Amino acid sequence: MRRILSPLSLVLALVVLAGCSDGDKSTPESGTPSAGPVKTMKHADAQALADRYRAEAVAALAATPTGPPTSSLAACEGPHTFTAITYGDVPVPAAQQPAALQKLRDHYTGEQYTVASTGADGSLNATAPDRVNISVAPEGTDTLRVNIATPCYSSDEPL
């Protein structure tokens, strides 16, 4: 049976949710990507944005996903803020994963993303200029999981 969320997916969600606060939104907190006022966005538009970043990461890996991605919306702060989250698995043999992750690092660095390695397994986190978080990490032996989370957005649509 396939797990719904991997530990890395849960960590990514917690990082995103921790970055959403009711405090002064004009000054970034230490360790958070460029903060600013919470922008208004429709749920479908935010999900499309997350899906686009996932598709771009998969294309940069030059691989075909193992199945349909999982996508959802999650509350950030209260009933009117949310984040769009999506993840999908890409088959990459274990021996090729370090090179694939380095290729992504180079791609994101070239696009002026903030890039960080996150562990001995070579996983990486990147933050796009529009504060979308991208995390790519080994998931099992021959799979990389691509996790995407948008920043918090405001919306009057119910979750």
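This one's a predicted model, so the numbers in the text were calculated from it and none came from an experiment.

Cut-offs applied
- Residues numbered from 1 in each chain as written.
- Predicted model: local features only at pLDDT ≥ 70, side-chain atom pairs only at ≥ 80, totals over all residues.
- Heavy atoms only, no water.
- Core = buried A, V, L, I, M, F, W, Y, C linked by side-chain atoms within 4.5 Å.
- Buried < 20%, exposed > 50% of the residue type's maximum accessible area, 1.4 Å probe, protein only.
- Helix = DSSP H or I, 4+ residues; strand = E, 2+ residues; numbered from the N terminus.
- Contact = heavy atoms within 4.5 Å.
- Salt bridge = Lys/Arg side-chain N within 4 Å of Asp/Glu carboxyl O.
- pLDDT = per-residue confidence, 0-100.
- Expected span 1.5 Å × (residues − 1).

Attention now goes to the nonpolar core. One finds Tyr53, Tyr108, Ile134 and Val146 to be the most contacted residues of the largest nonpolar core, which totals 27 residues. Those elements that place two or more of their residues in this core are helix H2 (43–61), strand S3 (81–91), helix H3 (97–110), strand S5 (124–127), strand S6 (133–138) and strand S7 (143–149). Of the residues forming this core, the biggest block, eight residues, is contributed by H2. Every residue in contact with Tyr108, bar those within four places of it in the chain, is listed here: Ala57, Tyr113, Val115, Leu124, Ala126 and Ile134.

With that out of the way, let us pick up the pattern of salt bridges. Pairing between side chains becomes possible if they bear opposite charge and their charged atoms approach one another. A complete count under the given rule lists four salt bridges for this structure. Across the pair Arg52 and Glu56 runs a salt bridge whose closest N-O atoms are separated by 3.0 Å. On the criterion of helical spacing, the pair formed by Arg52 and Glu56 is a turn pair, its members being four residues apart in helix H2. Given the relative accessible area of 39%, Arg52 is considered partly exposed. Arg145 is the salt-bridge partner of Asp89, the closest N and O atoms lying 2.6 Å from each other. Taken together, the residues span a long stretch of sequence, with Asp89 in strand S3 and Arg145 in strand S7 at a distance of 56 residues.

Right, let's talk about the confidence of the model for the protein chain for a bit. Parts of the model with low pLDDT should not have their predicted coordinates read in detail. The predicted model of the protein chain averages 81 in pLDDT, with 77% of residues at 70 or higher. Confidence, expressed as mean pLDDT per element, reaches its minimum in the protein chain at helix H1 (residues 7–18) with 41 and its maximum at S7 with 97. Confidence over residues 1–34 falls short of pLDDT 50; this stretch has 49 contacts with residues more than four positions distant or in other chains.

Our focus in this paragraph is H2. Spanning 19 residues, H2 covers 27 Å between terminal C-alpha atoms, matching the ideal 27 Å at 1.5 Å per step. Residues His43, Ala46, Gln47, Leu49, Ala50, Tyr53, Arg54, Ala57, Val58, Ala60 and Leu61 constitute the buried set of H2. Those residues of H2 hidden inside the fold are in contact with strand S2 (70–75), S3, H3, S6, S7 and strand S8 (153–154). Downstream of H2 by a residue or two, Ala62 has a phi angle that is positive, lying close to 55 degrees.

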